[in-house]
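Next come the chains, spelled out residue by residue.
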Amino acid sequence: MSGPSTFVPKSALGRWFESRLPIMGLIHGSFVAYPTPRNLNYWWAFGAILSFMLVAQIITGIVLTMHYTPQVDLAFSSVETIMRDVNWGWFLRYAHSNGASMFFVAVYVHMFRGLYYGSYKAPREVLWILGVIIYLLMMATGFLGYTLPWGQMSFWGATVITNFFSAIPLVGEAVTTWLWGGYSVGNPTLNRFFALHYLLPFMIAGVVVLHVWALHVVGQNNPAGVEVKNVDRDTVPFTPYATIKDSFAVVCFLILYAWFVFYVPNYLGHADNYIEANPLSTPAHIVPEWYYLPFYAILRAIPSKLGGVTAMFGSIAILAFLPWLDTSRVRSAAFRPMYRVFFWAFVLCCLGLGYLGAQPAEGGYIIAARLLTTFYFGFFIIILPLLGIFETPKPVPATIADAVLAKNGGVAAQPAE
Amino acid sequence: MIRLNEDKDMISFKSISLAVAISAAAFSYAQSSAFAQEEGHGATPHMEKWSFSGMLGTYDRAQLQRGFRVYREVCSACHSLSRLRFGNLADEGGPGFSEGQVKALAAEYQIKDFNDKGEAIERPGFPSDNFPKIFANDDAAAAVHGKAPPDLSLIAKARSYSRGFPFFLLDMLPGFAYQEHGPDYIHALLNGYTKPDDPKWNLYFPGNQIAMPKPLSDDQVEYTDGSPKTVEQYSRDVAAFLMWAAEPKLEERKRTGLNALIFLFIFAGLLYFTKKKIWADAH
């Protein structure tokens with residue numbers, strides 16, 4: 001969709017520079033002239049929100065690094081020093097820890113939006129898979145970061161998660177020892193987790209560049225799920241239209257973020273993480289951060305360790321195959337009455353798994369987790385392939401302009417739904 | 001929101017209600033079996049009223065001063081408070097002791113240090129000193145008490161209790177926001193010695209057997225401001241004091257938050273109308 005840039009700088013110096021490094025043209029083509037479908041709703045603002053969160057996390061994180069000590073005897077105290085003695089330290093730390101949660105809130109909305117509107121379908125498969133890679137990197141980064149304060153949940157969470165690797169047949173124990181840098185989670189583990197926690201966000205930023213690049217090649221999907229046919233009728237330029245809309249959405253999201261940082265900063269955390277790590281005392285319930293809970297529930301739903309770990313990683317890996325599992329020719333759930341029902345059932349299933357992940361793995365919780373795990377995989381492996389065959393989609397509008405007209409009845413109105 | 005209004009197919013409603021019914025059944029089964037195993041947990045603490053809850057919450061200076069008195073005269077026999085400095089007691093947003101009071105208080109403690117010749121000495125404390133540790137390490141504390149009494153600097157954030165589904169979801173919402181699990185638990189625990197013949201039985205402690213025998217009794221600590229000298233009042237005051245010890249920047253945080261939210265709401269409003277104007281011709 002985005003062809004060669006037609007951007008011509010106004011000043012002579014700008015033209016001199018542009019003919020040597022056309023970076024202004026690249027920015028102009030990507031964020032000013034870039035045509036965006038005119039029917040996008042606010043669910044499409046989460047890309048901008050996620051970009052904001054990535055930058056916010058990197059900035060707060062780098063400043064926190066200046067005060068943090070990655071050493072088992074000092075890490076917990078250094079975090080407390082940040083909270084008590086560093087100017088605005090409490091803000092930086094709460095903004096960073098809640099920022100991780102907000103990052104995941106936004107990414108989950110972003111992913112479910114893609115799922116609802118079929119944004120993974122051709123020609124956007126690579127775009128989608130790059131997104132799955134970003135999500136995996138985010139999970140790794142979040143987990144590594146949660147280890148750093150060296151509280152009880154940090155330590156025991158790290159112990160449980162790294163133990164996954166011991167499920168690998170034959171070499172599992174050796175791999176785990178290698179990861180730990182010793183025979184249990186200890187100082188070498190904390191050191192390397194810190195190094196990796198600093199590294200991965202920049203890898204995320206790199207894949208985000210690819211993600212945006214791929215997006216700008218194939219163009220954005222839209223609520224109608226039909227491709228842009230006429231750039232003049234179907235799209236509006238990114239600036240000012242998307243820029244102002246995304247800015248408004250980002251500030252609304254900031255209100256939510258600020259609420260958590262300033263008024264319920266410990267809601268999403270766990271009280272045990274205010275107890276310094278103690279390898280000799282295991283907490284009654286080891287619970288990961290909320291954003292991993294659905295996968296934690298899947299892990300514990302399977303009675304064998306290797307099976308559980310496989311199912312857990314499989315539940316994420318399966319997302320990468322989504323473009324080929326969904327056989328429907330229609331993209332948007334707006335025109336797929338049956339898919340829409342299963343989509344919401346799938347959302348409920350994920351929320352249910354999240355709840356179960358926080359409960360002890362016993363009795364009825366296990367049974368419920370097994371039912372929901374079955375549905376989780378069934379949704380991808382059975383429901384999606386079959387729906388394409390059995391579902392009769394509703395008529396799809398011919399163009400984006402038609403979809404906008406049909407919705408507004410020719411009257412100007414809010415583009416948001 | 002995503003449109004559901006076109007959804008008139010009966011099959012959709014049936015499937016949704018089926019899905020909801022299955023999930024509901026799964027949950028109620030899960031919950032009922034969980035309650036059966038709830039006996040190992042302590043009783044649920046009562047939600048108290050705290051001056052520092054809510055968006056405009058601030059600590060009650062007099063209460064923090066009373067709470068410190070309780071800590072100092074009772075708790076500090078076994079529990080350290082080592083992440084705090086004496087000087088913190090005079091910090092903004094804290095108990096509001098004067099510099100002079102803090103200096104005098106610090107001087108009552110003996111702090112381990114080294115003199116100019118590098119010899120180990122004990123000297124009177126300064127406001128910049130941390131509250132001293134009571135034992136050299138946890139093993140030494142356990143040797144005396146059976147179990148090492150935890151440091152109290154963070155205890156109000158390190159203790160919590162589960163409110164269960166769906167109440168835990170309400171705890172994060174404006175208007176319902178509830179962050180005082182810790183002080184409520186501490187208050188409940190100190191009032192939870194309900195079996196007079198068993199000083200280590202506690203209604204609110206998980207498993208009901210607590211290593212700390214009943215620490216407070218009526219008239220134990222002298223109050224000069226006329227507050228009731230009861231276990232109920234002592235426990236309330238010391239819980240508030242410990243919340244401040246764990247979260248000394250709470251007032252600054254809530255004040256900043258209010259400014260931030262006001263700014264964000266105005267900013268969002270301006271952006272909304274700008275957006276409306278820009279998009280006016282796009283349809």
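**Details of the overall build of chain B**
And then number 1: Looking only at helices and strands, one finds nine helices and two strands in chain B.
And then number 2: Of the regular secondary structure in chain B, the N- to C-terminal order runs α-α-α-β-β-α-α-α-α-α-α.
And then number 3: Relative to its full complement of 283 residues, chain B shows a buried share of 30%.
And then number 4: Looking at chain B alone, contacts between residues at least 24 apart form 64% of all its contacts between residues at least 6 apart.

**A word on the overall build of chain A**
And then number 1: The secondary structure content of chain A amounts to 17 helices and two strands.
And then number 2: The C-alpha atoms of chain A give a radius of gyration of 23 Å, which matches the 22 Å a tight globule of 417 residues would have.
And then number 3: If you line up chain A on its principal axes, its C-alpha atoms span 70 × 60 × 40 Å.
And then number 4: Here chain A holds 417 residues, and the buried ones make up 46% of them.
And then number 5: Residue pairs at least 24 apart in sequence account for 76% of intrachain contacts in chain A once pairs closer than 6 positions are excluded.

**Things to note about the domain arrangement of chain B**
Residues and elements named next belong to chain B.
And then number 1: Per the domain assignment, the segments making up chain B are domain 1 (40-84 + 147-260) and domain 2 (86-129).
And then number 2: A separation of 25 Å is found between the C-alpha centroids of domain 1 and domain 2.
And then number 3: With 12 residues of domain 1 at the contact, the number on the domain 2 side is eight residues.
And then number 4: Here the residues of the side of domain 1 that touches domain 2 are counted per class, giving seven nonpolar, one polar and four charged.

**Some thoughts on the environment of A:V396**
Residues and elements named next belong to chain A.
And then number 1: Along the chain, V396 turns up in the loop between α16 (363-390) and α17 (400-408).
And then number 2: By the C-beta count within 10 Å, which is 17 here, V396 ends up partly exposed.
And then number 3: Taking the C-alpha atoms as reference, V396 lies 7.9 Å from V226; in sequence the two are 170 residues apart.
And then number 4: What V396 contacts, discounting residues up to four positions off in sequence, is G225, V226, V330 and F335.

**A look at the packing of helix α6 (residues 125-147) of chain A against helix α7 (residues 152-163) of chain A**
Working note: a packed helix pair is described by the angle between its axes plus the distance between those axes.
Residues and elements named next belong to chain A.
And then number 1: Orientation of α6 relative to α7, taken along the N-to-C sense of each, is 135 degrees, at an axis distance of 8 Å. Relative to α7, α6 is oriented oblique. Taken together, the residues of α7 that come into contact with α6 (itself represented by F143, Y146 and T147) are S154, G157, A158 and I161.
And then number 2: Each residue belonging to the contact of α6 with α7 can be placed in one class, and the counts come to four nonpolar, three polar and no charged.

**Quick notes on helix α12 (residues 293-301) of chain A**
Along an α-helix, residues three or four positions apart point the same way, because every turn accommodates 3.6 residues.
All names here are of chain A.
And then number 1: With respect to burial, α12 is a largely interior element, nine of its nine residues being buried.
And then number 2: Looking at α12, one finds that the buried residues are L293, P294, F295, Y296, A297, I298, L299, R300 and A301.
And then number 3: The inward-facing, buried residues of α12 contact α13 (305-317), α15 (337-357) and α16.

**A closer look at the pairing of strand β1 (residues 110-114) of chain B**
Residues and elements named next belong to chain B.
And then number 1: Across the five residues that make up β1, only a small minority, zero, are buried.
And then number 2: In this structure, β1 lies alongside strand β2 (residues 120-124), joined through five bridges in antiparallel fashion. Bridging from a neighbouring strand, D113 pairs with I121 of β2.
And then number 3: Counting the residues in the hairpin turn of β1 and β2 gives five residues, including G118, whose phi is positive at 80 degrees.

**What about the nonpolar core?**
And then number 1: One finds A:I49, A:A106 and A:L353 to be the most contacted residues of the largest nonpolar core, which totals 110 residues.
And then number 2: No other element matches the 14 residues that helix α5 (residues 89-116) of chain A contributes to this core.
And then number 3: Ignoring anything within four residues of it in the chain, the contact list for A:A106 reads A:F46, A:I49, A:L50, A:M53 and A:F253.
And then number 4: Core analysis: the next-biggest nonpolar cluster, separate from the first, contains 44 residues, A:A271, B:L64, B:A106 and B:L190 among them.

**Focus on unusual backbone geometry**
And then number 1: With omega at 10 degrees, the peptide bond leading from A:T239 into A:P240 counts as cis.
And then number 2: Structurally, the position occupied by A:P240 is in helix α11 (residues 238-263).
And then number 3: The step from B:F165 to B:P166 runs through a cis peptide bond, and the omega angle for that step is 5 degrees.
And then number 4: For B:P166, the location among the structural elements is in the loop between α5 (155-158) and α6 (167-170).
And then number 5: Phi is positive for A:L170, which is not a glycine, with a value near 65 degrees.
And then number 6: Mapped onto the elements, A:L170 comes out in the loop between α7 and α8 (172-180).
And then number 7: Judged by the 7 C-beta atoms lying within 10 Å of it, A:L170 falls in the exposed class.

**A look at the environment of A:P360**
Residue and element names in this part refer to chain A.
And then number 1: Looking at the secondary structure, you find P360 in the loop between α15 and α16.
And then number 2: Considering only alpha carbons, one finds P360 and H285, 75 residues apart in sequence, at a separation of 6.9 Å.
And then number 3: Apart from residues no more than four positions distant in its own chain, P360 is found in contact with H285 and Y365.

**Things to note about helix α9 (residues 187-218) of chain A**
Residue and element names in this part refer to chain A.
And then number 1: For α9, built from 32 residues, the straight-helix expectation of 46 Å at 1.5 Å per residue is met to within 8% by its first-to-last C-alpha distance of 46 Å.
And then number 2: Every buried residue belonging to α9 is among T189, L190, F193, F194, H197, I204, H211 and L215, and all of these are buried.
And then number 3: Among the structural elements, α3 (46-65), α4 (75-84), α6, α7 and α8 are those in contact with the buried residues of α9.
And then number 4: In the segment just after α9, G219 is the residue with positive phi, at about 80 degrees.

**Thoughts on the packing of α3(A) against α5(A)**
Residues and elements named next belong to chain A.
And then number 1: One can describe the packing of α3 onto α5 by two numbers: an axis separation of 9 Å at closest approach and a directional angle of 155 degrees. It follows from the interaxial angle that α3 and α5 lie roughly antiparallel. As α3 packs across α5, the resulting crossing turns out to be left-handed.
And then number 2: Split into classes, the residues belonging to the contact of α3 with α5 amount to 15 nonpolar, seven polar and two charged.

**What to know about the confidence of the model for chain B**
All names here are of chain B.
And then number 1: Of the residues in chain B, 86% reach a pLDDT of 70 or more, and the chain-wide mean stands at 88.
And then number 2: A low-confidence stretch, residues 26-39 stays under pLDDT 50, and its non-local contacts, those more than four residues away or across chains, total 18 contacts.
And then number 3: Of the two predicted TM-score estimates for the complex, the pTM is 0.91 and the ipTM is 0.93.

**Looking at the confidence of the model for chain A**
And then number 1: Taken residue by residue, chain A gives an average pLDDT of 94. The fraction at 70 or more is 97%.
And then number 2: Counting interchain partners and residues more than four positions distant, the pLDDT-below-50 stretch residues 411-417 of chain A has 13 contacts.

Reading the values: rules and limits
Counting starts from 1 at the beginning of each chain's written sequence and moves along it residue by residue. Here chains are named by letter from A upward and ligands by number from 1 upward, in the order in which they appear as written. Where totals are concerned, whole chains, interfaces and linings use all residues; where local detail is concerned, this predicted model gives features only for residues with pLDDT of at least 70, and gives and counts side-chain atom pairs only at 80 or more. Here a helix means four or more residues in a row that DSSP labels H or I, a strand means two or more in a row labelled E, and each is numbered from the N terminus. Exposure classification rests on a simple neighbour count of other C-beta atoms within 10 Å of a residue's own: a residue reaching 20 or more is buried, one at 12 or fewer is exposed, and one in between is partly exposed. C-beta atoms are placed from the backbone. Note that contacts rest on C-beta atoms placed from the backbone: two residues are in contact if these are within 7 Å. Radius of gyration here uses only the C-alpha atoms, and the compact-globule reference equals 2.2 Å multiplied by the residue count raised to the power 0.38. All the domain ranges listed were derived from an automatic or database domain assignment. Basically, the charged four are Asp, Glu, Lys and Arg, the nonpolar ten are Ala, Val, Leu, Ile, Met, Phe, Trp, Tyr, Cys and Pro, and anything else, Gly included, counts as polar. Simply put, an axis is a line fit to the C-alpha atoms, just over the touching stretch for a helix, and the angle between two N-to-C directions goes from 0 to 180 degrees. Any angle from 65 to 115 degrees is called roughly perpendicular, while one under 35 is roughly parallel, one over 145 is roughly antiparallel, and all others are oblique. We call two strands paired when DSSP finds no fewer than two bridges between them. Buried Ala, Val, Leu, Ile, Met, Phe, Trp, Tyr and Cys residues whose C-beta atoms connect them within 7 Å together make up a nonpolar core. Given the number of residues in a helix, its expected span is that number minus one, multiplied by 1.5 Å. A crossing counts as left-handed when the near helix is turned anticlockwise from the far one by less than a right angle, and as right-handed when that turn is clockwise. Looking at any residue, its pLDDT shows the predictor's confidence there, from 0 to 100.

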